[in-house]
Protein chains: 2
Amino acid sequence: MKVDKELTKGSHELIILKLLSRQDMYGYQLIQQMSLLSDDVFCMSQGSLYPFLHALEDKGYIQSYPQLENGRERRFYHLTQSGHKALEDKERQWDLYTRAMARILGGIAK
Amino acid sequence: MKVDKELTKGSHELIILKLLSRQDMYGYQLIQQMSLLSDDVFCMSQGSLYPFLHALEDKGYIQSYPQLENGRERRFYHLTQSGHKALEDKERQWDLYTRAMARILGGIAK
DNA sequence: TTATATACCTCGCTATCCGATGTGTCAAGA
DNA sequence: TCTTGACACATCGGATAGCGAGGTATATAA
């Protein structure tokens with residue numbers, strides 16, 4: 001394992017909201033895209049993803065709808081208005097987080 | 001709360017090892033330094049820190065020793081050789097992590 | 001027809017982290 | 001002098017996220 005899961009745990013919401021902000025996707029596709037785009041740094045298991053998506057839907061950040069594609073039923077997820085807001089907030093937090101870490105790792109420079 | 005704890009959870013080990021790589025510190029001081037340097041992004045509670053330090057010592061990354069300072073007994077922690085190796089590894093992982101996230105947040109650029 | 005990839009799902013375990021709580025010391029001020 | 005608050009260390013129980021294991025079902029390739 002290249003990167004300890006412990007480190008990347010908390011960023012799942014940000015990643016998923018971001019991917020869905022570009023286009024509607026279904027669960028399995030999200031896992032593939034995460035792995036592909038991150039060069040396998042983010043490998044979410046199905047046992048994590050699906051309950052996670054349901055929770056995001058409960059929070060109103062995403063909305064799901066079934067769609068037939070290649071003769072196969074898939075459950076697509078769409079980012080809601082509220083989800084877009086949450087994404088913005090998460091991106092701002094990510095920025096604060098990495099800058100704080102840069103200050104600690106980089107040295108005294110503040 | 002500026003930054004969701006969920007996001008910053010996994011980075012405690014990196015931060016503590018890094019701070020101890022500069023100088024030996026005691027627990028209470030570590031908490032203060034984390035808050036100060038990170039502008040309150042990293043606020044570790046005592047209930048998290050002390051068990052965490054004990055675990056790091058069990059892993060052999062740090063070594064503790066008591067020291068009297070200002071007439072007050074404090075338990076200082078020192079980064080071991082093995083701890084330095086772990087720190088290097090964690091820093092490399094942090095780099096991979098942020099670059100992977102940058103690819104996802106930034107867009108298609110790979 | 002058998003295996004593999006796709007696609008969704010649930011359940012129970014584990015690890016982590018935090019708040020609450022407890023102990024004791026020291027300095028400042030009422 | 002007594003009390004308050006900061007300092008310093010510690011443990012414990014609860015909450016929660018994420019994972020592995022396991023289950024179901026369909027399409028495609030061998």
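Look above for the structure.
Residues numbered from 1 in each chain as written. Chains lettered and ligands numbered in written order. Predicted model: local features only at pLDDT ≥ 70, side-chain atom pairs only at ≥ 80, totals over all residues. Heavy atoms only, no water.

### Remarks on the pairing of strand S2 (residues 62-69) of chain B
Regular strands show a simple pattern: their side chains alternate between the two faces of the sheet. Both S2 of chain B and strand S3 (residues 72-79) of chain B contribute to a ladder of eight bridges, which runs antiparallel. Within S3 of chain B, the residue paired with Ile-62 of chain B across the bridge is Leu-79 of chain B. (Pairing = 2+ DSSP bridges. Helix = DSSP H or I, 4+ residues; strand = E, 2+ residues; numbered from the N terminus.)

### Brief notes about the protein's contact with DNA strand D
As a structural note, the neighbourhood of DNA strand D is formed by 23 residues, with Lys-9 and Ser-48 of chain A together with Gln-46, Arg-74 and Arg-75 of chain B the closest of them. At 3.2 Å from a phosphate oxygen of DNA strand D is found a main-chain nitrogen or oxygen belonging to Gly-27 of chain B. Tyr-28 of chain B has a polar backbone atom sitting 2.8 Å from a phosphate oxygen of DNA strand D. Taken together, the elements giving at least two residues each to the surface near DNA strand D come down to helix H4 (46-58) of chain A together with helix H3 (27-37), helix H4 (46-58) and S3 of chain B. Broken down by element, the surface near DNA strand D gets its largest block of residues, five residues, from H4 of chain B. Considered class by class, the residues forming the surface near DNA strand D number seven nonpolar, nine polar and seven charged. (Near = heavy atom within 4 Å. Polar contact = N/O pair within 3.5 Å; in protein donor to acceptor, adjacent residues only side chain to side chain. Nonpolar A, V, L, I, M, F, W, Y, C, P; charged D, E, K, R; others polar.)

### What about the sheet that holds strand S1 (residues 25-26) of chain B?
Residues and elements named next belong to chain B. Taken in spatial order, the three strands of this open sheet run S1-S3-S2, and their pairing is antiparallel. The outermost strands of the open sheet, each flanked by one partner alone, are S1 and S2. Across the face of the sheet, H4 comes into contact with S2 and S3 while running at roughly 125 degrees to S2. (Contact = heavy atoms within 4.5 Å. Axes fitted to C-alpha atoms, helices over the stretch in contact; angles between N-to-C directions.)

### A few points about the environment of Ile-62 of chain B
Residues and elements named next belong to chain B. You can see Ile-62 is positioned in strand S2. Residue class for Ile-62 comes out buried when judged on its relative accessible area of 1%. Along the backbone, Ile-62 and Gln-81 are 19 residues apart, and their C-alpha atoms lie at a distance of 8.7 Å. (Buried < 20%, exposed > 50% of the residue type's maximum accessible area, 1.4 Å probe, protein only.)

### Quick look at the protein's contact with DNA strand C
DNA strand C sits among 22 residues. The nearest are Tyr-28, Gln-46 and Arg-74 of chain A together with Lys-5 and Ser-48 of chain B. Sugar plus phosphate: this is where 67% of the atoms of DNA strand C within 4 Å of the protein reside. In this structure, a phosphate oxygen belonging to DNA strand C sits 2.8 Å away from a main-chain N or O atom of Tyr-28 of chain A. Between DNA strand C and Arg-75 of chain A there is a distance of 2.8 Å, counted from a phosphate oxygen to a backbone nitrogen or oxygen. Elements with a contribution of two residues or more to the surface near DNA strand C: helix H3 (27-38), H4 and strand S3 (72-79) of chain A together with H4 of chain B. With five residues, the top contributor of residues to the surface near DNA strand C is H4 of chain A.

### Considering the sheet that holds strand S1 (residues 25-26) of chain A
Residues and elements named next belong to chain A. The three strands lie next to each other as S1-S3-S2, forming an open sheet whose pairing is antiparallel. If you trace the sheet from one side to the other, it starts and ends with S1 and strand S2 (62-69), each paired once. Running over the sheet, helix H2 (residues 12-22) touches S1, S2 and S3 and is turned about 100 degrees from S3.

### Observations regarding the pairing of S3 of chain A
Residue and element names in this part refer to chain A. Sheet topology places S1 next to S3; two bridges connect them, and they run antiparallel. The residue of S3 that forms the bridge with Tyr-26 is Phe-76. Taking the residues that link successive antiparallel strands as the turn, the S2-S3 hairpin has two residues, and the phi of Asn-70 there is positive, at about 50 degrees.

### Observations concerning the relation of the copies chain A and chain B
When chain A is fitted to chain B, the best match, at an RMSD of 0.1 Å, comes from turning it 180 degrees and sliding it 0.0 Å along the axis. Put plainly, the chains are arranged around a two-fold axis. When you check the interface residues of chain A against chain B, 100% turn up at the interface there too, and the contact is symmetric in its surfaces. (Least-squares fit on C-alpha atoms with pLDDT ≥ 70 in both.)

By themselves, these figures tell us nothing about what the structure is for.
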